[in-house]
Amino acid sequence: MNKNCPLQAKNCGGCPLLSQEYAQQLETKRQTVKKLLACYAPIEPVRGMKDPWHYRNKAIATFAAGPGGRLVAGIYAAGTHRVLPAVDCLLQDETINQVIAAAAEAARRCHYEAFDEDRGTGLIRHVLVRRGFGTGEIMVVLVTAQEILPGAKNFVRALREEAVRRGAVVTTAVQNVNPRKTSAVLGPYDRILFGKGYILDTLSGHTFSIGPRSFYQVNPTQTEELYRLAIKAAALTGTQTVLDAYCGTGTIALTAAPFAKAVTGVEINEDAVKDAIANARHNRIANARFYAEDATSWIVQAAAEGRHADVVFLDPPREGSTPEFLRALARLAPQRVVYISCNPETQSRDLAVLTKLGYQAKRIWPVDMFPHTAHVETVVLMSRVENQP
């Protein structure tokens, strides 16, 4: 069933497939994956959502001066820096929509001015809201251009009051300082204004700590489906050694750990690795180790030392992996490689390399992590061809 969004006519760009029936969206995405990956293995039907609305557990709104100079918070029109005042976004969790509205009203009550990136004036840049779907905990991150936040206690009080008035309870509030001229939302410094500075959520039977900067999949319903497929593809029996490359905060590694002998996670982001270690401790998982290193450098060194892995999960960024990583992976000689990708185009390039290195794709599962957008995630199982050197 289609829904209408008032921002679509204003060139929002957030839901380019909104006018298509959902079944047609899934078929469109399957054809995209088929075009890029069908030469390697058969393409399964796209795993879609029963209810493909309000699925995002994280949202970012940008502050701007609206009509009459009134402070507004919303999203950029496509291809511009013109802010469209937020309404009830059809992708974002409905509670998050209400909390963004509460943050904007609290900022107005404190007489904060929106940061003007052209003139370099003003104070508040963005508000980031995260909600744990499993726990209901809510974090609000106010991004400012300056370290000093006048009336910080008043802002927190107003934020909590406005949130409650809209049916939500804010668990923690954080100020993030971003003084740089950059398109990046978050800056290098955080200050806890209220609460613990992080929230907890549950995913695939585990509890995860989520901070302002933590990488955490934004669609928990489909993430559980994605990980279920990945763990099934790995065929873990409790005896294998597992490598999770580009592991982020350890969600895949910790999901796999109960079914493996030992799991190693590698991630270049130090904050993410700290989260992964804390998450392992919190879930009392003792057979997982995490390293804050570049995935390519780490695996090249591991291959040079003659190490072995039975199963390798890799979930690289959109630009994919590197030839050096893939060659080193082949030297580790895992029987199974489970490649998760948010970009089938770069994944196709990497599968071609792995095929030349002695691996064969067996199954490909597309997963619709972002309904009403053009994005699609894929899980590819590759097996090592026997008699490889």
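Details of the structure are given in the entry above.
Residues numbered from 1 in each chain as written. Predicted model: local features only at pLDDT ≥ 70, side-chain atom pairs only at ≥ 80, totals over all residues. Heavy atoms only, no water.

(A) Examining the nonpolar core more closely. Core analysis: the largest hydrophobic core is formed by 61 residues, its most contacted members being Phe 290, Phe 313 and Val 338. If sequence neighbours within four positions are ignored, Phe 290 has contacts with Cys 247, Gly 250, Ala 253, Leu 254, Gly 265, Val 273, Ala 276, Ile 277 and Ala 280. Counting residues in hydrophobic clusters, the runner-up holds 34 residues, among them Ala 73, Val 127, Leu 149 and Val 156. (Core = buried A, V, L, I, M, F, W, Y, C linked by side-chain atoms within 4.5 Å. Buried < 20%, exposed > 50% of the residue type's maximum accessible area, 1.4 Å probe, protein only. Contact = heavy atoms within 4.5 Å.)

(B) Spotlight on the side chain of Glu 377. Here Glu 377 shows up in strand S16 (residues 377-384). Non-local contacts of Glu 377, meaning those with residues more than four positions away in its chain, are made with Gln 217, Leu 226, Asp 315, Ile 340, Ser 341, Cys 342, Trp 365, Pro 366, Val 367, Met 369 and Phe 370. (Helix = DSSP H or I, 4+ residues; strand = E, 2+ residues; numbered from the N terminus.)

(C) Here's a closer look at the packing of aromatic side chains. What the rule picks out here adds up to 4 aromatic pairs. Ring geometry for Tyr 112 and Phe 155: centres 6.0 Å apart, planes at 40 degrees, overall tilted. One end of the pair, Tyr 112, is in the loop between helix H2 (94-109) and strand S4 (124-131); the other, Phe 155, is in helix H3 (residues 152-165), and 43 residues separate them in sequence. Like Tyr 112, the residue Phe 155 is buried in the burial classification. Both rings, one in Tyr 291 and one in Trp 298, keep their centres 6.1 Å apart while their planes meet at 35 degrees; by these two values the pair is tilted. (Phe/Tyr/Trp six-rings, centres within 6.5 Å; stacked < 30°, edge-to-face > 60°.)

(D) Structural view of the pairing of S16. The buried count for S16 comes to 8 of 8 residues, which makes it a mostly enclosed element. Alternating residues of S16 divide into Glu 377, Val 379, Leu 381 and Ser 383 and Thr 378, Val 380, Met 382 and Arg 384, and every residue in both groups is buried. Across 6 bridges, strand S14 (residues 336-341) lies against S16 in antiparallel orientation. Among the inter-strand pairings, Val 338 is bridged to a residue of S16, identified as Leu 381. (Pairing = 2+ DSSP bridges.)

(E) Focus on the packing of helix H1 (residues 22-37) against helix H9 (residues 344-356). The N-to-C vectors of H1 and H9 enclose an angle of 25 degrees; their axes lie 9 Å apart at closest approach. Taken together, the axes of H1 and H9 are roughly parallel relative to one another. Viewed along their axes, H1 and H9 form a crossing whose handedness is right-handed. Side by side, H1 and H9 meet where Val 33, Leu 36 and Leu 37 of the first sit next to Pro 344, Glu 345, Gln 347, Ser 348 and Leu 351 of the second. Its residues placed into classes, the contact of H1 with H9 shows 5 nonpolar, 2 polar and 1 charged. (Axes fitted to C-alpha atoms, helices over the stretch in contact; angles between N-to-C directions. Parallel < 35°, antiparallel > 145°, perpendicular 65-115°, else oblique. Left-handed = near helix turned anticlockwise from the far one by under 90°. Nonpolar A, V, L, I, M, F, W, Y, C, P; charged D, E, K, R; others polar.)

(F) Looking closely at H9. Under the 1.5 Å per step criterion, the end-to-end length of H9 is 18 Å for 13 residues, consistent within 8% with the ideal 18 Å. Pro 344, Thr 346, Gln 347, Ser 348, Asp 350, Leu 351 and Leu 354 are the residues of H9 that are buried. Contact partners of the buried residues in H9: H1, helix H8 (323-332), S14, strand S15 (359-367) and S16. One or two residues past the end of H9 sits Gly 358, with phi positive at roughly 105 degrees. (Expected span 1.5 Å × (residues − 1).)

(G) Fine view of the state of the cysteines. Scanning the model with the defined rule gives 0 disulfides in all. Free cysteine: Cys 247, not disulfide-bonded; nearest cysteine sulfur from Cys 342 at 16 Å. Under the relative-accessibility criterion, Cys 247 is labelled buried at 5%. (Disulfide = S-S within 2.5 Å.)

(H) Local environment of the sheet that holds strand S1 (residues 58-65). In spatial order, the strands read S3-S2-S1-S4-S5-S6-S7; together these 7 strands make up an open sheet with mixed pairing. The sheet is open, and its two edges are formed by strand S3 (83-85) and strand S7 (189-194), each paired on a single side. Here the strands of the sheet are splayed against their neighbours by 35 degrees on average, with no regard to which way each runs. Across 3 bridges, strand S2 (residues 71-76) lies against S3 in antiparallel orientation. Within the sheet, the bridge partner assigned to Ile 75 lies in S3 and is Leu 84. Where H2 meets the sheet, it contacts S1, S2, S4 and strand S5 (138-144), and its direction lies at approximately 145 degrees from that of S4.

(I) View of the pattern of salt bridges. In this structure the tally under the stated criterion is 16 salt bridges. Measuring nitrogen to oxygen at the nearest pair gives 2.8 Å for the salt bridge that ties Arg 307 to Glu 305. The network of salt bridges with shared partners includes Arg 109, Glu 161, Glu 162, Arg 165 and Arg 166. (Salt bridge = Lys/Arg side-chain N within 4 Å of Asp/Glu carboxyl O.)

(J) How the structure looks around helix H4 (residues 220-234). Compared with an ideal rise of 1.5 Å per residue, which puts 15 residues at 21 Å, H4 spans 21 Å between its outermost C-alpha atoms and is within 8% of the ideal. For H4, a buried count of 11 out of 15 residues is recorded, marking the element as mostly surrounded by other parts of the structure. Among the residues of H4, Pro 220, Gln 222, Thr 223, Glu 225, Leu 226, Tyr 227, Leu 229, Ala 230, Ile 231, Ala 233 and Ala 234 are the ones counted as buried. Residues of H4 that are buried in the fold lie against strand S8 (199-203), helix H5 (251-256), strand S13 (311-314), S14, S15 and S16. Of the residues one or two after H4, Ala 235 is the one with positive phi, at around 55 degrees.

(K) The arrangement of the pairing of S5 in detail. In terms of burial, S5 is largely enclosed, as 7 of its 7 residues are buried. The alternating pattern of S5 places Ile 138, Val 140, Leu 142 and Thr 144 on one face and Met 139, Val 141 and Val 143 on the opposite face, and all of these are buried. Across 7 bridges, the pairing between S4 and S5 is antiparallel. Of the residues in S5, the one forming a bridge with His 126 is Val 143. Hairpin connection from S4 to S5: 6 residues lie between these consecutive antiparallel strands, with Gly 136 at a positive phi of about 80 degrees. Pairing geometry for S5 and strand S6 (residues 172-177), over 6 bridges, is parallel.

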